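# Observations on the model geometry
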Amino acid sequence: MSRFWSPFVNDLVPYVPGEQPKLDNLIKLNTNENPYGPSPRVVEAIRAQLDDSLRLYPAPNADQLKDTIASYYGVTAAEVFVGNGSDEVLAHIFHALFQHGKPVLMPDISYSFYPVYCGLYGIEAQTLPLAEDFSIRPADYRGENGGIIFPNPNAPTGMLMPLAGIEQILQANPDSVVVVDEAYIDFGGETAIALVNRYPNLLVTQTLSKSRSLAGLRVGLAVGHADLIEALERVKNSFNSYPLDRLAIVGAVAAFEDQAYFQQTCQAVINSRDALSQGLQERGFQVLPSAANFVLARHGERDADELAAGLRAQKVIVRHFRAPRIEQFLRITVGTPEQNQALLRALDALL
Ligand SMILES: *Cc1c(COP(=O)(O)O)cnc(C)c1O
């Protein structure tokens, strides 16, 4: 608290990201980064951009990237928004589309940044409990609201909602913006972008951080009706004209152009996830069915906090949320087969 602060800053409860430890030799399975590097063509494109042109501002609307994404998904560039990571895109969404003086609906177990944005923009968050099996119940998302948001697959459960469930929510809420946060959709789900043309209230966000291995580059996007995108552009252009730098724009374009590498690495993560889930089950864990690059798993007898500490002592870092209903679960990012083996060996030493 300081007398220099704008008063609202006193009440902010900021998001706490998973730690980025400086120690070497750690097996880092705590922040859902991709264990494989980005496409070599991304690295090449960024290298080729490293020249005197860095003295110039980047294209304020990142048109080259918007065109690339538009043709990738079969939409128009006017239906595409890009930002400095999908976290920034989400912040603009809460700011531009969710401030209606009514609560925004979201699952009780979900991405913990959503309530933080609510706090920042003075929006009431109304959480709706997941079902007993940790799935989202589409029928619960109805009634007066200022907007709806959920990840699909959900985080940190990893569970996927079929498109029929999303359509049910869209149809029950024609007067609200429904945001589907598809941070993990490429690991086995089907994107809702195909529904954008039929539902002017649908906004889909994605990130290059997970499936395209570019968490360090900071690129996220949203696809939706041009009216929704225009609201985001108005807020963005009242905040920062150049959220994507020249390196991020060419790197992101190259990532979408190297489809073969993308498919190969996503498939490797999917295969590795299935093997990891099986290895955990063999060791007495209940593993929620995951369509993401992480699994949420609970051991039948051992305390999650102790397991996380025991893994850490063996240099394996996983995420443990001390939150109601999931405090006995560990969220484990899918690593390479070698990293997963190291995790399972470290668990064997504890169990
Ligand atoms: C990782 C993640 C994001 C943010 O991704 P960035 O593009 O790196 O900001 C958004 N939503 C969910 C559910 C995530 O897990």
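Rules and cut-offs
- Residues numbered from 1 in each chain as written.
- Predicted model: local features only at pLDDT ≥ 70, side-chain atom pairs only at ≥ 80, totals over all residues.
- Heavy atoms only, no water.
- UniProt positions renumbered as here; feature names shortened; annotations may be inferred.
- Near = heavy atom within 4 Å.
- Polar contact = N/O pair within 3.5 Å; in protein donor to acceptor, adjacent residues only side chain to side chain.
- Areas by Shrake-Rupley, 256 points an atom, 1.4 Å probe, with all protein chains shown as cover.
- Helix = DSSP H or I, 4+ residues; strand = E, 2+ residues; numbered from the N terminus.
- Buried < 20%, exposed > 50% of the residue type's maximum accessible area, 1.4 Å probe, protein only.
- Lys, Arg positive; Asp, Glu negative; His and termini not counted.
- Salt bridge = Lys/Arg side-chain N within 4 Å of Asp/Glu carboxyl O.
- Contact = heavy atoms within 4.5 Å.
- Phe/Tyr/Trp six-rings, centres within 6.5 Å; stacked < 30°, edge-to-face > 60°.
- Lys NZ or Arg CZ within 6 Å of the ring centre and 35° of its normal.
- Core = buried A, V, L, I, M, F, W, Y, C linked by side-chain atoms within 4.5 Å.
- Domains from an automatic or database assignment.
- Pairing = 2+ DSSP bridges.
- Axes fitted to C-alpha atoms, helices over the stretch in contact; angles between N-to-C directions.

- The protein chain carries the name Histidinol-phosphate aminotransferase in an unreviewed UniProt entry, which gives Halopseudomonas bauzanensis as its organism.
- According to the UniProt record, the Subunit (unreviewed entry) comment for the protein chain is "Homodimer."
- A UniProt comment under Pathway (unreviewed entry) is attached to the protein chain, and it reads "Amino-acid biosynthesis; L-histidine biosynthesis; L-histidine from 5-phospho-alpha-D-ribose 1-diphosphate: step 7/9."

### Side note on the site of the ligand
- Around the ligand, the structure places Gly85, Ser86, Asp87, Tyr111, Asp181, Ala183, Tyr184, Thr207, Ser209, Lys210 and Arg218.
- Interatomic distance of 2.6 Å between a side-chain N/O atom of serine 209 and an oxygen atom of the ligand.
- Between the ligand and arginine 218 there is a distance of 2.8 Å, counted from an oxygen atom to a side-chain nitrogen or oxygen.
- Taken by itself the ligand offers 390 Å² of open surface, and the protein chains cover 92% of this.
- The element best represented in the shell around the ligand is helix H3 (residues 85-97), accounting for 3 residues.

### Section: the side chain of aspartate 181
- Looking at where aspartate 181 falls in the secondary structure, it is placed in strand E6 (residues 178-181).
- Buried and unpaired, aspartate 181 has lysine 210 as its nearest opposite-charge partner, separated by 7.1 Å.
- A polar contact is formed between the side chain of aspartate 181 and the backbone nitrogen of alanine 183, at a distance of 3.3 Å.
- In this structure aspartate 181 touches Leu90, Tyr111, Tyr114, Phe150, Pro151, Asn152 and Thr205, once residues within four positions along its chain are discounted.

### What about the packing of aromatic side chains?
- With the rule as written, the count across this model stands at 14 aromatic pairs.
- Through a chain of ring-to-ring contacts, the aromatic side chains of Tyr15, Phe94, Phe98, Tyr111, Phe113, Tyr114 and Tyr117 assemble into a single cluster.
- Taking NZ or CZ as reference, arginine 212 lies 5.1 Å from the ring centre of tyrosine 72, over its face.

### What to know about the environment of alanine 297
- Looking at the secondary structure, you find alanine 297 in strand E10 (residues 294-299).
- Considering only alpha carbons, one finds alanine 297 and tyrosine 57, 240 residues apart in sequence, at a separation of 46 Å.
- Excluding its chain neighbours within four sequence positions, the residues that come into contact with alanine 297 are Leu280, Phe285, Gln286, Val287, Gln328, Phe329 and Leu330.

### So, the pattern of salt bridges
- One pass over the structure, following the stated rule, counts 9 salt bridges.
- As a salt-bridge pair, glutamate 33 and lysine 28 come within 2.7 Å of each other at their nearest N and O atoms.
- Its salt-bridge partner being glutamate 167, residue arginine 198 comes within 2.7 Å of it at the nearest N-O pair. Of this pair, arginine 198 sits in the loop between E6 and strand E7 (202-207) while glutamate 167 sits in helix H5 (residues 163-172); the two residues are 31 residues apart in sequence, bridging distant segments of the chain.
- Under the relative-accessibility criterion, arginine 198 is labelled exposed at 53%.

### What to know about the nonpolar core
- Membership of the largest hydrophobic core comes to 54 residues, with the highest contact counts inside it found for Leu65, Phe150, Ile166 and Leu202.
- Here the element with the most residues in this core is helix H7 (residues 246-257); it accounts for 8 residues.
- Two domains share this core, each providing at least three of its residues, namely domain 1 (2-37 + 260-350) and domain 2 (40-258).
- Excluding its chain neighbours within four sequence positions, the residues that come into contact with leucine 65 are Val82, Val219, Leu244, Ile249, Ala252, Val253 and Phe256.
- Judged by nonpolar contacts, the second largest core, of 31 residues, contains Leu29, Phe262, Ala308 and Ala346.

### Focus: the sheet that holds strand E3 (residues 104-107)
- Overall, mixed pairing links the 7 strands, which are arranged E2-E8-E7-E6-E5-E3-E4 in an open sheet. With one partner strand each, in any of the chains shown, strand E2 (80-83) and strand E4 (125-128) form the two edges of the open sheet. For this sheet the average axis-to-axis angle between neighbouring strands, irrespective of direction, equals 20 degrees.
- Strand direction decides the pairing type here: E7 and strand E8 (residues 220-224), joined by 5 bridges, are antiparallel. Looking at E8, one finds that valine 204 is bridged to valine 223.

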